[in-house]
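# Chains, contacts and geometry: an overview
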Amino acid sequence: MNNNCNISQLALQGVQDLVPYKAGKPIDELERELGLTEIVKLASNENPLGPSPKVIKAIQTALPELSRYPDGNGFALKTALAKKLNISMDQITLGNGSNEILELVARTFLEPGLEAVFSQHAFAVYPLVTQAAGAVVKVAPALNYGHDLDAMLALVNKNTRLVFIANPNNPTGTLLLSSALKQFINALPKTVMCVLDEAYFEFVTADDSADSLTWLIECPNLMITRTFSKAYGLAGLRVGYSISSAEIADLLNRVRQPFNNNMLALAAAEAALTDKAYLAKTIAANSQGMEQLTSAFKEMGLSWITSFGNFVSVDLKQAGVPIYEALLKKGVIVRPVANYEMPNYLRISIGTEQENQFFIDAFKQVMATSK
Ligand SMILES: *Cc1c(COP(=O)(O)O)cnc(C)c1O
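Residues numbered from 1 in each chain as written. Predicted model: local features only at pLDDT ≥ 70, side-chain atom pairs only at ≥ 80, totals over all residues. Heavy atoms only, no water.

## A short note on the domain arrangement of the chain
Under the convention used in this document: A domain assignment, automatic or from a database, supplies the domain bounds used here. Two residues qualify as a contact provided that any one of their heavy atoms is within 4.5 Å of a heavy atom in the partner residue. Values labelled buried area give the accessible surface lost by two parts on being combined, using a 1.4 Å probe and summing over both.
Once the domains are mapped, the chain shows domain 1 (22-50 + 277-370) and domain 2 (53-274). The centre of domain 1, based on its C-alpha atoms, is set 26 Å off from the matching centre of domain 2. Taken together, the contacts link 23 residues of domain 1 with 24 residues of domain 2. Summed over both sides, the interface between domain 1 and domain 2 buries roughly 2000 Å², with carbon and sulfur atoms accounting for 65% of that surface.

## Thoughts on unusual backbone geometry
Operational definition: Numbering goes from the N terminus for both helices and strands, where a helix is a DSSP run of H or I of at least four residues and a strand is a run of E of at least two.
Note the cis peptide between N167 and P168, where omega equals -5°. Relative to the assigned elements, P168 resides in the loop between β5 (160-166) and α8 (178-187). We note that N45 has phi near 55°; this positive angle belongs to a residue other than glycine. By the element assignment, N45 lies in the loop between β1 (40-41) and α3 (53-62). Not every positive phi belongs to a glycine, and R238 is a case in point at roughly 65°.

## A closer look at helix α10 (residues 263-274)
The cut-off we apply is this: Given the number of residues in a helix, its expected span is that number minus one, multiplied by 1.5 Å. Remark: exposure states derive from per-residue accessible area (1.4 Å probe, protein chains only) relative to the maximum for the residue type, with buried under 20%, exposed over 50%, and partly exposed in between. As used in this structure description, the phrase polar contact means that two N or O atoms lie within 3.5 Å; if the pair is within protein, one of them must be able to donate a hydrogen and the other to accept it, and residues adjacent in sequence are counted only when both atoms belong to side chains.
Between its first and last C-alpha atoms α10 spans 18 Å; for twelve residues at 1.5 Å apiece the expected length is 16 Å, and the two agree. Counted residue by residue, α10 has nine buried out of twelve residues, so it is predominantly covered. Turning to α10, its buried residues number three or more, namely M263, L264, A265, L266, A268, A269, A271, A272 and L273. The secondary structure elements touched by the buried residues of α10 are α3, α4 (75-85) and β2 (92-95). Its side-chain oxygen 3.0 Å from the backbone nitrogen of L264, N262 forms the N-cap of α10.

## Describing the pattern of salt bridges
Just so we agree on the cut-off: Counted as salt bridges are all cases of a side-chain nitrogen of Lys or Arg within 4 Å of a carboxyl oxygen of Asp or Glu.
The tally for this structure, following the rule as stated, stands at nine salt bridges. A salt bridge links R254 to D250, with the shortest nitrogen-to-oxygen separation between them at 2.7 Å. One end of the pair, R254, and the other, D250, are both in helix α9 (residues 246-255), four residues apart, so they sit about a helical turn from each other. On the basis of relative accessible area, D250 is assigned to the partly exposed category, the value being 36%. Close ionic contact of K364 with E299 constitutes a salt bridge, the shortest N to O distance being 3.1 Å. Pair noted here: K364 is in helix α13 (residues 353-369) and E299 is in helix α11 (residues 276-299), with a separation of 65 residues, a long-range link. One salt-bridge network, in which partners are shared between bridges, spans K25, E29 and E33.

## Let's talk about the site of the ligand
Our working definition: Being near a molecule or strand, for a residue, means having at least one of its heavy atoms within 4 Å of it. Under the convention used here, a 1.4 Å probe and the Shrake-Rupley method define accessible areas, while residue burial counts only the protein chains that appear. Each residue is assigned to one class: nonpolar for Ala, Val, Leu, Ile, Met, Phe, Trp, Tyr, Cys and Pro, charged for Asp, Glu, Lys and Arg, and polar for all the others, Gly among them.
Taken together, G97, S98, N99, F123, N170, D197, A199, Y200, T227, S229, K230 and R238 make up the full set of residues near the ligand. Measuring from an oxygen atom of the ligand, one finds a backbone N or O atom of N99 at 2.9 Å. K230 places a side-chain nitrogen or oxygen 3.3 Å from an oxygen atom of the ligand. Notes on the ligand: free accessible area 380 Å², of which the protein chains cover 94%. Broken down by class, the residue content of the shell around the ligand amounts to three nonpolar, six polar and three charged.

## Some details on the nonpolar core
Cut-off, in case you're wondering: By nonpolar core is meant a set of buried Ala, Val, Leu, Ile, Met, Phe, Trp, Tyr and Cys residues that side-chain atoms within 4.5 Å join together.
Ranked by internal contacts, the top residues of the largest apolar core, which has 52 residues, are L77, L81, V163, I165, L222 and F228. Residue contributions to this core peak at seven residues, all from α10. If we ignore the near neighbours within four places in the chain, the residues touching L222 are I185, C194, L196, S212, W215, L216, I243, S244 and I248. Core analysis: the next-biggest nonpolar cluster, separate from the first, contains 31 residues, L102, V105, F164 and A166 among them.

## Re the packing of aromatic side chains
Here is the rule we go by: Here is the rule: rings of Phe, Tyr and Trp (six-membered ring for Trp) pair when centre to centre is within 6.5 Å. Planes less than 30 degrees apart are stacked, more than 60 are edge-to-face, and the remainder are tilted. The criterion for a charge sitting over a ring is simple: Lys NZ or Arg CZ within 6 Å of the ring centre, and within 35 degrees of the ring normal.
On inspection of all chains with the given rule, the structure shows twelve aromatic pairs. An aromatic cluster is built from F118, F123, Y126 and F164, whose rings are joined through pairwise contacts. It is R226 that lies over the ring of F201; its NZ or CZ is 3.6 Å from the centre. The ring of F311 is capped by R347, whose NZ or CZ atom sits 5.8 Å from the centre of that ring.

## Comments concerning the pairing of β2
Put simply, the rule is: Any two strands with at least two DSSP bridges between them are considered paired.
Residues of β2 alternate between two faces, with I92 and L94 on one and T93 and G95 on the opposite face, all of them buried. Relative to strand β8 (residues 240-243), β2 runs antiparallel, the two being bridged by four bridges. Bridge pairing links G95 to G240 in β8.

## With respect to the environment of E325
In this fold, E325 is placed in helix α12 (residues 320-329). For the pair E325 and S98, spaced 227 residues apart in sequence, the C-alpha to C-alpha distance is 30 Å.

Below, the structure written as structure tokens:
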């Protein structure tokens, strides 16, 4: 037996090269570390209003059934989604968060030698799922922090199978013009799948919104992913979905675990769809909160990237990590984005009015002493 065998070297090269995803710091971790009692977390783009009361009730109703397996086909939720979106049920794939859908897509379409294209500053899960499949990552330089579609198209070659586009993008919040996006998808070879990640879709006002669902008919290589984690306030339950051709959905369905969505999550998501007042309140609170934060930035002489999501990235004109750490000591958790090649920025999720104010007060103190 060779006792010097290095297990790490047995892993796929892509996995060896992976940098694990770094999540926002959990509230109780900071509580333990610093013994603070008042903590505000604006680090993971969660809904600050808490879940809808309809969701709580649906979960309570579902609890006695917990000894049963969930419906592996998610019939009730898919029916509700199909009706709401005016699509066919067989176009929907449910995931354990839309992150799982991203992983299913990578496992379905990528292998060593094949490539996935995305933008600089794009969502961190795209390189993760691509490398985990052993495939090659191709990153197009961003244009003013937004996706440069021409640069992305230039990276497409005969080995390309996937293009990931986050619209709006996280952590920049940038949004593509609907016409430019459609033109880009039409220009892609039909051998390349476009994964359009619309995790923040609900926050985009109608005027700016891309009517991407209607493109599916003429673009068989398009798939759209959405989530219940953000505007619907169910991040802790993990429910996301994709809308694609039935053919693509069938492929993803072969790769997924049979019971990838748990029973409570399915019931909760279905209930969340019915609470239109909650969604409206969420969106209104978000635009007020965005105004509250950006007004404070303006007053402080700071600039930020105009965001169409429920978060905003602010330019500190100095390294973000020390400011992040100083904010932690004051009980405020935000997100440093150096790992997104944005070392001088912090990303702030929009909270309630009180949470935003707590952050603004702490931020002003920290910035005043850091110069
Ligand atoms: C938050 C987020 C997701 C969704 O994550 P879930 O797995 O659905 O919780 C997907 N894409 C982007 C760009 C995100 O920011």
